[in-house]
Amino acid sequence: RIGLGQCEEHVGDRVRGAGETREGVIVRLDRAARFSGHVKERDKPVAGASIGLRIGSLTEPALAVSQADGSFSIDRAPPGELAVVVEGYRVVAPHSVKITGDTTADIEVRSLPKLRGTVVRRGVPVPNAIVQCPGTPITDANGAFTCTIDTFGTVKVTARDSEGHWGQVQVAIQESDSDATVTIELANAGTVCGTVRDDAGT
């Protein structure tokens with residue numbers, strides 16, 4: 001698990017059964033490496049960014065938060081080749097770091113565009129509607145929502161309320177675009193009706 005130091009247990013060659021005890025067990029802990037540096041966007045420090053690490057498909061987000069000067073420190077970084085993850089940003093460089101001991105690296109990032117919008121039905125804002133975009137936000141009392149877009153091109157965004165009304169919009173977002181604004185009209189509704197039967201047809 002990311003964030004844990006290496007642990008080695010020496011118990012000899014004998015196998016212990018249930019209920020047996022063993023005294024004199026030595027557990028040796030090696031000090032884990034520290035990964036530190038600064039988060040920058042076009043040479044400007046990024047404050048409040050959540051920095052995480054990924055080993056293969058396992059991601060540990062928010063292991064550290066960058067300070068006002070962009071600095072961060074992950075005190076228990078595991079050894080190996082680790083991918084760098086910064087929530088809400090695209091990591092430009094380095095995409096990965098090799099941890100063999102205390103490691104320092106500055107992380108260059110680019111902000112991901114945000115999609116801001118309002119969900120309405122017959123022109124009236126809909127609160128508590130579920131929006132299918134990253135983070136799956138729920139609209140506030142004014143029907144408003146915000147999500148960060150982590151893919152580019154034509155993005156489909158769907159919203160639905162608790163009564164089954166739904167709507168969808170398509171928005172084209174490129175990497176260099178600024179934040180986009182949309183209005184989703186819940187103009188569609190549908191009901192699924194049927195009969196439940198067992199193997200005997202009852």
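Rules used throughout
- Throughout this document, residue positions are counted from 1 along each chain, in the order its sequence is written.
- Local features in a predicted model are, by the rule used here, given only for residues with pLDDT of at least 70; side-chain atom pairs are given and counted only at 80 or more, and totals for whole chains, interfaces and linings are based on all residues.
- Values reported for side chains reflect all heavy atoms of the structure, with hydrogen atoms and water molecules removed beforehand.
- Note: two strands are recorded as paired if DSSP finds a minimum of 2 bridges between them.
- Only DSSP runs of H or I reaching four residues or more are called helices, and only runs of E reaching two or more are called strands; each is numbered from the N terminus.
- Any residue under 20% of the maximum accessible area for its type is buried, any over 50% is exposed, and the rest in between are partly exposed; the area is computed with a 1.4 Å probe on protein chains only.
- Contacts between residues were defined by any pair of non-hydrogen atoms, one from each residue, lying within 4.5 Å.
- pLDDT: the predictor's confidence for each residue, scored from 0 to 100.
- To pair, rings of Phe, Tyr and Trp, with the six-membered ring standing in for Trp, must have centres within 6.5 Å; the planes then decide the type, stacked if under 30 degrees apart, edge-to-face if over 60, and tilted in the middle.
- By disulfide we mean two sulfur atoms from cysteines, separated by a distance within 2.5 Å.

### Here we look at the sheet that holds strand β18 (residues 165-173)
Strand order in this open sheet of 4 strands is β15-β17-β18-β20, and the pairing throughout is antiparallel. For this open sheet the edge positions go to β15 (130-132) and β20 (188-189), each flanked by a neighbour on one side alone. Across 2 bridges, β18 lies against β20 in antiparallel orientation. Bridge assignment links H165 to a residue of β20, and that residue is A189.

### With respect to the pairing of strand β16 (residues 144-148)
The alternating pattern of β16 places F145 and C147 on a buried face and A144, T146 and T148 on a face that is not buried. Relative to β16, strand β13 (residues 114-121) is paired through 5 bridges, and the arrangement is antiparallel. Within the sheet, the bridge partner assigned to T118 lies in β16 and is A144.

### Examining the side chain of E41
Counting through the fold element by element, E41 comes out in strand β3 (residues 33-41). Taking the relative accessible area as the measure of exposure, E41 reaches 18% and is therefore buried. Ignoring any residue separated from it by four or fewer positions in sequence, one finds E41 in contact with V46, Y89, E108, V109, R110 and S111.

### Quick word on the pairing of strand β6 (residues 58-65)
Strand direction decides the pairing type here: strand β5 (residues 50-55) and β6, joined by 5 bridges, are antiparallel. The residue bridging L53 from the neighbouring strand is E60, located in β6. Once β5 ends, the chain turns through 2 residues before running back antiparallel as β6, passing G56 with a positive phi of about 60°.

### A look at the confidence of the model for the protein
Of the residues in the protein, 90% have a pLDDT of 70 or more, and the chain-wide mean is 86. Confidence, read as mean pLDDT per element, is least for strand β1 (residues 7-10) in the protein (42) and greatest for strand β14 (residues 124-125) (96).

### Brief notes about the packing of aromatic side chains
Taken as a whole and assessed by the stated rule, the structure comprises 1 aromatic pair. Between F35 and F72, the aromatic rings sit 5.3 Å apart at their centres with planes inclined by 75°, giving edge-to-face as the arrangement. One end of the pair, F35, is in strand β3; the other, F72, is in strand β7 (residues 71-77), with 37 residues separating them in the sequence. Each member of the pair, F35 as well as F72, is classed as buried.

### Some points on the state of the cysteines
As enumerated under the stated definition, the model contains 1 disulfide in all. In this model C133 forms its disulfide with C147; the gap between the sulfur atoms is 2.3 Å. Measuring handedness by torsion sign, the sulfur bridge of C133 and C147 sits at about -125° and is left-handed. Taken together, the residues span a long stretch of sequence, with C133 in the loop between β15 and β16 and C147 in strand β16 at a distance of 14 residues. With respect to class, C133 is no different from C147; both count as buried.

### A word on unusual backbone geometry
In this model, A93 is joined to P94 through a cis peptide bond whose omega is -15°. With respect to the helices, strands and loops of the structure, P94 is situated in the loop between β9 (89-93) and β10 (96-99). Here R122, not a glycine, exhibits a phi torsion of approximately 55°, which is positive. Inspection of the secondary structure assignment puts R122 in the loop between β13 and β14. Phi angles above zero are rare outside glycine, and T136 is one such case at about 45°. With respect to the helices and strands, the residue T136 is situated in the loop between β15 and β16.

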